[in-house]
Amino acid sequence: MLIEKAEVLVSSPGRNFVTLRITTDDGVTGLGDATLNGRELAVAAYLREHVVPLLVGRDAHRIEDTWQYLYRGAYWRRGPVTMASIAAVDTALWDIKAKVAGLPLYQLLGGRSRNGLLVYGHASGAELPELFDSIREHQDEGYRAIRVQTGIPGLPSVYGVASSANARAGADAGTDERYDYEPARRNAVPVEESWDTRAYLRHIPGVFEAVRNEFGPELPLLHDGHHRLTPIQAAKLGKSLEPYDLFWLEDVTPAENQDALRLVRQHTTTPLAIGEVFNTIWDYKTLIEEQLIDYVRSPITHAGGITGLRRIFDYASVYQIKSGIHGPTDVSPVGLAAAIHLGLAIPNFGIQEYMQHAPATHDVFHTTYSFAGGMLDASEEPGLGVSYDDEAAASFPYEAAYLPVNRLLDGSMHDW
Ligand code: EZ4
Ligand code: CO
């Protein structure tokens, strides 16, 4: 079974997505997600110019060999553009293999280890009353675990806080509003936000105290620090949140420095999750071997596909570290479906992030996975169970959109 064609599909149904579709000589197709928020066209070019020509004529069944060929064979290894491209090829080939077998993909990954995937959703509010409403709305939709993000006094806009109108309705293309729940905006250049770490550290513990008082001790709560703290600030935050029993505290320090987590770990028992911007197993080496984290956050889309991420999870499982796959709306329904299949099969599943895609996204990506009772599950359709509607995609052309950048109050650039 040879690869006959590979198409790079760029569309913007609710937000920008890059999708790879591989077709074999006997007409079987597979999909892979290669969306890299704010750098979409770099991945599309990498795929079109440097990967697609290498794929045509290869044996579609040789998934591991193709992965090694694209990883080792590039000479210039790793990085989000390369690894998102490899991820798309890998996912599309798994989709094809499962379709040929006539089985849902999770069956090829070892079969079902659980009935479904516990997910968490994103509640947010500028102030406590709005946050409480958002938590209740999520509970009403079935969510059984909730990420909590709030406004910070003195800062006009803060990561993770959706404007309430958009959080309910989703944003329309071309408006000045937030871009499909997420912080990226359709704009030729990134918007600038401001940041004050001391104000954040003063405010957040009181927010969690209020949420626990309102919602009780059982509800699993999560929080995302979004890479903004120094190690000692992160240690202080983890310690100050201990009374509120978080499920996890995410991305407390900038992700490049694995050693930073050593200091954080020495000071707090709050569970730590990291890795949504990591793309290979090497980014986790110190963190996993020294047991400095509790959850691995990379998505299939950015960490070399099912082949790349499964290897990271196997390594993590040796140290009782679990999965916490990134599931924002900037991972396409193809990337999410792949995460669901992998999450059903692995022994060390932790939790799956789930932000629901906009209706326009589902006009292009027809999905078969289900969300009920706070759990995601794959369908029994062979492969990933997602198809791509070219006709619908034609009415959603790419439009530049960027994540914001952050400045401290004195104007210095800071991590966003
Ligand atoms: O900012 O996916 O945990 N989720 C996150 C996301 C990221 C975006 C970046 O593209 O941190 O909201
Ligand atoms: Co995050």
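It should be noted that the structure appears before, not after, this text.
This one's a predicted model, so the numbers in the text were calculated from it and none came from an experiment.

> How should I be thinking about the overall build of the protein chain in this particular structure?
Counting secondary structure elements, the protein chain contains 14 helices and 20 strands. Over its C-alpha atoms the protein chain spans a radius of gyration of 20 Å, differing by no more than 12% from the 22 Å that the globule rule assigns to 416 residues. Counting only C-alpha atoms and orienting by the principal axes, one finds that the protein chain spans roughly 60 × 45 × 40 Å. Counting contacts in the protein chain only where the partners sit at least 6 residues apart, residues at least 24 apart contribute 71% of the total. Counting every atom, the protein chain has about 16,100 Å² of accessible surface; 51% of that belongs to carbon and sulfur. Each charge class in the protein chain can be summarised by its mean position, and for the 35 positive and 54 negative side chains these summaries are 6 Å apart.

> Whenever I open this one, the packing of aromatic side chains confuses me. Can you help?
Evaluation of the coordinates by the stated rule reveals 16 aromatic pairs. Aromatic pair F17 and F365: ring centres 5.3 Å apart, planes at 80 degrees, arrangement edge-to-face. With F17 in strand β2 (residues 17-24) and F365 in strand β14 (residues 365-367), this residue pair connects regions lying 348 residues apart in the sequence. Taken as a pair, F17 and F365 share a single burial class, namely buried. Seen from their ring centres, F278 and Y284 are 4.8 Å apart, and the 70 degrees between their planes marks the pair as edge-to-face.

> I would appreciate a short explanation of the pattern of salt bridges in the present structure.
If you walk through the whole model with that rule in mind, you get 20 salt bridges. A salt bridge links D224 to R147; its shortest N-O distance comes to 3.1 Å. Remark: R147 occurs in strand β5 (residues 146-150) and D224 occurs in strand β8 (residues 221-224); sequence separation between them is 77 residues. The pair formed by D224 and R147 is uniform in burial state, with each residue classed as buried. Among the salt bridges present, the one from R297 reaches E250, with a minimum N-O distance of 2.8 Å. Here R297 is found in the loop between β11 (295-296) and α11 (305-317), whereas its partner E250 is found in strand β9 (residues 248-250), with 47 residues between them in sequence. For the residue pair R297 and E250, the accessibility class agrees, reading buried in each case. Residues joined in a network through salt bridges with shared partners are E250, E276, R297 and E353.

> Whenever I open this one, the packing of helix α7 (residues 197-215) against helix α8 (residues 231-241) confuses me. Can you help?
One can describe the packing of α7 onto α8 by two numbers: an axis separation of 9 Å at closest approach and a directional angle of 15 degrees. One way to sum up the angle between α7 and α8 is to call them roughly parallel. Note on packing geometry: the crossing formed by α7 with α8 is right-handed. Residues T197, Y200, L201, I204, P205 and F208 of α7 lie in contact with α8, whose contacting residues are Q233, L237, S240 and L241. Residue composition of the contact of α7 with α8, grouped by class: seven nonpolar, three polar and no charged.

> I tried to follow the coordination of the cobalt ion (ligand 2) on my own but got confused; where do I start?
Working reference: metal with six octahedral donors, ideal angles 90 or 180 degrees; metal with four tetrahedral donors, ideal angle 109.5 degrees. With distances of 2.0 to 2.1 Å, the protein atoms coordinating the cobalt ion (ligand 2) are D224 (OD), E250 (OE) and E276 (OE). One chain supplies every donor to the cobalt ion (ligand 2), and in sequence these donors are spaced D-x25-E-x25-E. Within this pair, whereas D224 is found in strand β8, its partner E276 is found in the loop between β10 (272-274) and α10 (285-289), the two being separated by 52 residues in sequence. Residue class for E276 comes out buried when judged on its relative accessible area of 9%.

> Please explain helix α9 (residues 260-267) as it appears in this structure.
Structural remark: α-helix, 3.6 residues per turn; residues separated by three or four positions point the same way. Taken as a whole, α9 has its buried residues at A260, L261 and V264. Seen from one end, α9 has its buried residues packed into an arc of 85 degrees, which puts them on one side. Elements that come into contact with the buried residues of α9 comprise α8, β10 and α10.

> It is not clear to me how the environment of A74 should be interpreted in this structure. Could you clarify?
Note that A74 resides in the loop between α2 (63-72) and α3 (80-101). Among the residues examined, A74 registers a relative accessible area of 23% and is labelled partly exposed. Separated by 24 residues in sequence, A74 and H50 have C-alpha atoms that sit 9.2 Å apart. Those residues in contact with A74 that sit more than four places away from it in its chain are Y46 and Y69.

> Looking at this model, I keep getting lost on the sheet that holds strand β7 (residues 192-195). Mind explaining?
Either a parallel or an antiparallel arrangement is found when strands of a sheet pair, and the pairing is made through backbone hydrogen bonds. Pairing in this open sheet of three strands is mixed, and the strands run β7-β19-β20 from one edge to the other. Where the open sheet ends on each side, the last strands, each with one partner, are β7 and β20 (413-414).

> Just checking my understanding: could you explain the packing of α2 against α3 for this structure?
The description of two packed helices rests on the angle between their axes and on the distance between the axes. Axis separation between α2 and α3 bottoms out at 10 Å; the angle between their running directions is 170 degrees. Here α2 lies roughly antiparallel to α3, going by the angle between them. Of the two elements, α2 crosses α3, and the hand of that crossing is right-handed. Taking contact as the criterion, the partners of I63, T66, W67, L70 and Y71 in α2 are, on α3, M83, I86, V89, D90, L93, W94 and K97. Residue composition of the contact of α2 with α3, grouped by class: nine nonpolar, one polar and two charged.

> Would you explain the pairing of strand β19 (residues 405-408) in this entry?
Successive residues of a regular strand alternate their side chains across the two faces of the sheet. By the bridge criterion, four bridges tie β7 to β19 in an arrangement that is parallel. The residue of β19 that forms the bridge with E192 is V405. With two bridges connecting them, β19 and β20 associate as antiparallel partners. In the strand pairing of β20, N406 is matched with H414. Counting the residues between successive antiparallel strands, the hairpin from β19 to β20 contains four residues, one of them, G411, with a positive phi of roughly 95 degrees.

Rules used throughout
- Residues numbered from 1 in each chain as written.
- Chains lettered and ligands numbered in written order.
- Predicted model: local features only at pLDDT ≥ 70, side-chain atom pairs only at ≥ 80, totals over all residues.
- Heavy atoms only, no water.
- Helix = DSSP H or I, 4+ residues; strand = E, 2+ residues; numbered from the N terminus.
- Rg over C-alpha atoms; globule rule 2.2 N^0.38 Å.
- Contact = heavy atoms within 4.5 Å.
- Areas by Shrake-Rupley, 256 points an atom, 1.4 Å probe, with all protein chains shown as cover.
- Lys, Arg positive; Asp, Glu negative; His and termini not counted.
- Charge placed at Lys NZ, Arg CZ, Asp CG, Glu CD.
- Phe/Tyr/Trp six-rings, centres within 6.5 Å; stacked < 30°, edge-to-face > 60°.
- Buried < 20%, exposed > 50% of the residue type's maximum accessible area, 1.4 Å probe, protein only.
- Salt bridge = Lys/Arg side-chain N within 4 Å of Asp/Glu carboxyl O.
- Axes fitted to C-alpha atoms, helices over the stretch in contact; angles between N-to-C directions.
- Parallel < 35°, antiparallel > 145°, perpendicular 65-115°, else oblique.
- Left-handed = near helix turned anticlockwise from the far one by under 90°.
- Nonpolar A, V, L, I, M, F, W, Y, C, P; charged D, E, K, R; others polar.
- Donors = N, O, S within 2.8 Å, 3.2 Å for Na, K, Ca; no water.
- Arc of directions from axis to C-beta.
- Pairing = 2+ DSSP bridges.

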